[in-house]
Amino acid sequence: MQYVKANDSEDPKCPHCDAKLTKVKFKNLANDGFGKRKLIFFCPSCNKVLGFSDADVSYF
Ligand SMILES: [Zn+2]
């Protein structure tokens, strides 16, 4: 698998409502019980969930 950097003019699309995603909303979820913070990412247009992450983004 190869990672290819997108051009600045390319934006991902929401798989639910097809909106061009120039920004993504996220929310902290409660601690998962294993000491990790979880984030949930969702579309700012339709609020449907795009994904989860347990990456530490406490600097936001
Ligand atoms: Zn959407």
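Below: a short report on this structure.

Conventions we followed
Residues numbered from 1 in each chain as written. Predicted model: local features only at pLDDT ≥ 70, side-chain atom pairs only at ≥ 80, totals over all residues. Heavy atoms only, no water. Salt bridge = Lys/Arg side-chain N within 4 Å of Asp/Glu carboxyl O. Buried < 20%, exposed > 50% of the residue type's maximum accessible area, 1.4 Å probe, protein only. Donors = N, O, S within 2.8 Å, 3.2 Å for Na, K, Ca; no water. Tetrahedral: all angles 85-135°; square planar, octahedral: opposite > 155°, others 65-115°. Helix = DSSP H or I, 4+ residues; strand = E, 2+ residues; numbered from the N terminus. Pairing = 2+ DSSP bridges. Axes fitted to C-alpha atoms, helices over the stretch in contact; angles between N-to-C directions.

**Some thoughts on the pattern of salt bridges**
In total, this model carries 1 salt bridge according to the counting rule given. Lys 20 is the partner of Asp 11 in a salt bridge, and the nearest nitrogen-oxygen pair spans 3.9 Å. Taking relative accessible area as the criterion, Asp 11 reaches 31% and is therefore assigned partly exposed. Looking at Lys 20, the relative accessible area reads 54%, which means it is exposed.

**Description of the coordination of the zinc ion**
Each angle at a metal carrying four tetrahedral donors should ideally be 109.5 degrees, and each at a metal carrying six octahedral donors should ideally be 90 or 180 degrees. Bound to the zinc ion on the protein side are Cys 14 (SG), Cys 17 (SG), Cys 43 (SG) and Cys 46 (SG), at distances that span 2.3 to 2.4 Å. Around the zinc ion sit 4 donor atoms, and with donor-metal-donor angles ranging over 105 to 112° the site reads as tetrahedral. Considered as a linear motif, the donors of the zinc ion on their single chain read C-x2-C-x25-C-x2-C. Separated by 26 residues along the polypeptide, Cys 17 in the segment before β1 (25–29) and Cys 43 in the loop between β2 (38–42) and β3 (49–53) bring together distant segments of the chain.

**Some points on the sheet that holds β2**
Read across the sheet, 3 strands follow the order β1-β2-β3 without closing on themselves; strand pairing throughout is antiparallel. Both outer strands of the open sheet, β1 and β3, are each paired with one neighbouring strand and no more. Direction aside, the axes of adjacent strands within the sheet are offset by 25° on average. Here β2 pairs with β3 via 4 bridges, running antiparallel. Among the inter-strand pairings, Phe 41 is bridged to a residue of β3, identified as Gly 51.

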